[in-house]
Structures are given as structure tokens and as C-alpha cells.
Amino acid sequence: MFRLSTSPFSTLEKIFLTDLLEIRKNDSLSSLLVLSPSGRLLSHLQSRLSQENAGFLNIHCLTFYALAERLLAGADYKEMTVTEPALYEEMIRQVLVGVKPEPVDRAIRDALRLEGKPVSRGLAGALAATMKDLRDAAMRADKALEAAQEGFLGKEAPEAASTLALYARLVGLFEKHGLRSSADLLRRAAKIAPSHPWLRRQKAIFLYGFYDLTGVQLDLILALANHPNVTVYFPYEEGNPAYAYAEKLLKDPAFVSKCSSTPSSPAAAGRGPMDPRPTTAGNAGKSASVDVWSCSGARDEVWLAAKTILKLADEGTAFADMAVVARNLGTYTAPLREIFDAHEIPYVSSRREPAGTHPLVKTVHALLFFDPKHPNAKILRKDLENSAYYRATSPGVAGRNEETSSWLSHIAWAKNLIGQGIHLPHKANAEETALLESLLSVLDDMQVLDVLGNRVTRRYFLDVYLENLKGLERPGPANDHAGVQVLEVQQARGLSFGAVILLGMNEKVFPRLIREDPFLSDAARSALAQATGCRLGRKLDGYEEERFLFELMRQAARRHFYLFTQRSNDEGKALIPSVYLKDLEQIGRASCR
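To keep things clear, this report deals only with the structure shown in the data block. (Residues numbered from 1 in each chain as written. Predicted model: local features only at pLDDT ≥ 70, side-chain atom pairs only at ≥ 80, totals over all residues. Heavy atoms only, no water.)

## With respect to the nonpolar core
Threshold: Think of a nonpolar core as a cluster: buried Ala, Val, Leu, Ile, Met, Phe, Trp, Tyr and Cys residues, connected wherever their side-chain atoms sit within 4.5 Å. We call a residue buried when its accessible area falls under 20% of the maximum for its residue type, exposed when it is over 50%, and partly exposed in between, using a 1.4 Å probe and counting protein chains only. Only heavy atoms enter the contact rule, under which two residues are in contact if any of them lie within 4.5 Å.
Among the nonpolar cores identified, the biggest contains 86 residues, and Phe2, Leu207, Phe210, Phe234, Phe255, Leu502 and Leu563 are the most heavily contacted of them. Those residues in contact with Leu502, other than ones at most four positions away along the chain, are Val325, Ala326, Val489, Phe510, Phe550, Met553, Phe561, Tyr562, Leu563 and Phe564. Ranked by size, the runner-up nonpolar core spans 77 residues in total, among them Leu368, Ala414, Ile418 and Val456.

## A short note on the pattern of salt bridges
Operational definition: In what follows, salt bridge is the name for a side-chain nitrogen of Lys or Arg lying within 4 Å of a carboxyl oxygen of Asp or Glu. Numbering of helices and strands starts at the N terminus; helices are DSSP runs of H or I of at least 4 residues and strands are runs of E of at least 2.
Across all of its chains, the model carries 33 salt bridges by this definition. Salt-bridge contacts for Glu544 lead to Lys248; the nearest nitrogen and oxygen are separated by 3.0 Å. Linking Glu544 in helix 23 (residues 542-556) with Lys248 in helix 12 (residues 244-250), this pair joins segments that are 296 residues apart in sequence. Residue Glu544 is classed as partly exposed on the basis of its relative accessible area, which comes to 33%. With its nearest N and O atoms 3.2 Å apart, the salt bridge here joins Arg559 to Asp321. One end of the pair, Arg559, is in strand 15 (residues 557-568); the other, Asp321, is in the loop between helix 14 (298-314) and strand 9 (322-326), with 238 residues separating them in the sequence. Taking the relative accessible area as the measure of exposure, Asp321 reaches 17% and is therefore buried. Among the ionic contacts, a cluster of salt bridges with common partners joins Asp133, Asp517, Arg525 and Lys539.

## Focus on the sheet that holds strand 7 (residues 230-235)
Selection rule: A pair of strands is labelled paired if DSSP reports no fewer than 2 bridges between them. The convention used is that axes are lines fitted to C-alpha atoms, helices contributing only their stretch in contact, and that angles between N-to-C directions extend from 0 to 180 degrees.
The 5 strands lie next to each other as 1-7-6-2-3, forming an open sheet whose pairing is parallel. Only two strands of the sheet have a single neighbouring strand rather than two, namely strand 1 (2-7) and strand 3 (59-62). When strand polarity is set aside, the average angle formed by the axes of neighbouring strands in this sheet is 15°. The pairing of strand 6 (residues 204-208) with strand 7 spans 4 bridges and is classified as parallel. Bridge pairing in strand 7 links Phe206 to Thr231. The sheet contacts of helix 2 (residues 39-52) involve strand 2 (32-35), strand 3 and strand 6, and relative to strand 3 the element is tilted by about 155°.

Here is the structure:
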């Protein structure tokens, strides 16, 4: 059974440290397992432990997937674990527009009204996201189809049936080609965890910081319940409605049945999520000051953040005790680098600029996509030849955009062309070397697409490669330094800082814009979850998570909490402030400027 400890993160961390140090006081070499869904949170706990004691042995800090890999290290599984996102999309395209469709493929096409119509990458990507949700929920395809056929989905059944049929088809394709997903990895680890000798050797297991789990993650957690000494450290504050999203797991029958004690439900009429009255959270009743600033554009936000950081530093706050947080850092990476460097502010960012901004990546793109039949081919060729990374060769697709071949053939062509046409300077820096290795590594990862046996055009291959490069970031410094922490909200969960600067407090940013899944509605998801017992989340519940995340950011600030909102973007278009700011103003919690 689990021993359950619930508190806000600030208090939860202290309880965790006390419990672990107490065990180590009596047995300094005992083997302990600390499990958390977040690698950054684990790093934070390791840092806190190092402050308590200079050296610890035999403490294993693992994420869920790292634990699964550890447990399955000696297992005789021969399937390939797939991490390439494009594989789902290619499987979907094979079902929807493949030249040799199975009877079930034709039925799916008819249901989706796609027969004879092209399938865009956006459609395949949206369907792939739905398929991943079903797989992460540990949904059995046969049970899902059975639930639809027996009327458990009600009026949602006709629209959901085609989606579930596609899911069953994809499960079959995974088995046919000897593949497994990351969800399969957790599912198999859950099966062997109760009797695994390595887990039995752990004197204690600490499950820290999770508040929402997919079906396969919950299965893995529940598989640890038979261990004699397992404690769950769950972020939850009784009486605070902002924790309603986290409370759902505390009410899950499967989870509750494994806990020796459970907390009471929060009173809906109690304190609001930003009520000024003291709470039991870690600051002993002290609340951080709250300042709201209105800015014009992302650059203005970053500039004001830099000035605020320097002011706090002059007042004695260490750079490492400050955090700049955004729901999504994508639009801030370039101005952060430019403005923070100009102000000589040391910082460590969890997100870096897109690799596509580097001249080396631009040169590789121009080399692969060069077409001598393009109207501006001479100008494009001259620009390519002027690049410091280009070595004279025959560039580009050479008019072979529609030539079909296997994925491996296209990948070999691209790697050969890059090898012949790209040359790093004699004294290339670490970033240039790492970028070229990453460009080639993305091609290596795409080799798994060849298992489907499809032939694609060179243009299509290049489009998929370019799409994969969009997620590539420019390498950062080898050694992180003790500077301002620049994080996304998800990465800042469970951390604590003297001052938190929260950027992008605008509607459709934080909270983000959330829509129902067009292929599996929330009503269908609820019905499926009830009929099959799987944890299949509803999309619109994401608004509850947004409220919860904002509360975590508020509680992360010990002394100062700054919120920056854009009254207009960089182009001058008026923007709407976040509803969370209005809540703060109504309870008199914020000073607006």
C-alpha cells in the first residue's frame, strides 16, 4: 500500500527531504528509488539533497521511462521502440490513401469521407495525436470497438467508430512490423515490476510530484504498490479549488484502493485559488508581492524583465534565485538572447533558438532543395556558393521532385549530398559541429519509416525532413552556470524561487486556447473511459490544468511575483489580458502598472 502525503510543493519538498534523510541516518548505504515524471524536478531534488549532504550513494533518481528501460534491460523483447513522430502519420496515410487498401481501410475512408481526396499533413498529424492519446490510455482496440458497437457511446458512436477502427488498424500495423511505442514500454514494465528483483532490493521508494497520469503511467505506479515501503508525495492543498485538476487522481478508484489514507475533498465554497488569506503552504503565511505590468510586444516584456532582474540583483537577490517563466518560450528565445546578453545577465534557458536560424542549417536547406528549373535558380546558386559551409558539388533535387523511391534511398541520397556539399571551417566551433551531427541524426531517426515499405517522392521526403528539423534547437553551452532560470511553465512545476517573472499573461496564451478533439469528442472520451476503465482524458479539462499551473507559478514565488501582459503585440495589434489577471485584481492581490 502507498503512504500518501499531500501538501503544496513548498511543504512537500521539506517532507520528502526529511523522510529520505531519516532513512539514510539509520542506513547510509541502503538502496533508494526516487521516481518522478519530470527530469528537471529530479535534478532539483538532487540539488537539494546535495545541500543537505555532500555525498549520497545508492539513490536512484529516475523518470517513468527511465525506470521502464531499467526494468526491461534484461528482457528478451525484439521489437523496435519507435520515437519518430512521423511514423504514426505515415501509417495513417497508408490506411487513408495507400495504393493497396485492405477492406477495413476502404471502410475507414468511407466513414471519414476521404475516398479520392488528398490527405494533408495537418490531417494526418491531428489523427496521430488522437491515436497517441488512445495508446497512452492503455486502450485495448477490441474493447473500444466493442463499446462502440454495444451502444455505450450513445449518439457519439457514429463519429467515434471510424476513429476507433483506425486505431485498431494502427495497432495491427505495429504488431505486423514488429514495432512498439513508448506506451508499450511502460505497459510491459508494469507487468514485470511486482516481481522484479531490482525493485525488491530498494529499501524505500519515493514517488514525487505527479498529479496527472496517463493510463500506462498509472499502471506502472500501481505495480509498485506491493513494495513494503512506498510513499507518494502528491501536490495538493485542501480547500483550494485551483487544485481541482490534481484532485481527480486522488479520487481515481484504482489509485485510492492502493493508498492507506486519502485526503478530504476541497470545499468548493472555501478559499479561492488566489485568496489573500494565509494558507498552510510553505511560506508560513507570508505572501509574495504581486506586480502586474502592461507591455507592448514580446521584446518590451523581455526588456522590462531584464531591468527587473538587475534591480532585484542590486537588492541582494541572487541570479540563480530568479526565474523567467512563460507558457511557451518559442517567441521569446531570440529577444532573450539579445537583450539579456546586452544587459550582461547570466541565464540558463530550457529552450534555445530554433536550429533553422543558423547559417549552417540554411545552407543545408538550400543545398537539398536547390532546383535548377526555379526562376531564380542563378541567384539561389550564387547565394549557396557564397556560404562559408558550401563545398562545390551538384546540389539539390535536380528536377527529381516527383521521383519515387524508398525512404532509405532518399535518406542515403541526402546524407551523401550533405557529405559532399557541406564543409565545416578548419576551426569549427562546438555549435557548428553539434549542429551538423544533429542534422544527420534526424536523417538516421527517419530510417524507421522504411519498415512500412512505402515509396515516396523526393519532394515529400524533403518536406518530412524539413518538418522534423523544426523541432531542432541550436546547441547551448556545455556547462550550465548559476544564472537566472528561463523556463516554460511545465518545467517550473515544483520549483521555488525568490522572484518569478511570468511572461505572456494574455488570453489564448496563458490560459492556452483549448479545443475538443475533432475525431474523438469529450463526450465519446468520457463514455469510452467509463466503459473500458481506461484513463482517457477530456480535452477541455485542460482549462482546469491551466488554472492549476498558474497557481503553482504563484506559489513558486517566495518574495516577488511579477506578471507581464501585452496590451499589443510587436505589430501593434491589440491583445486581451489573461483572465487570471482579472481574478487577481478583483481580490486586491495585484499592483497593476
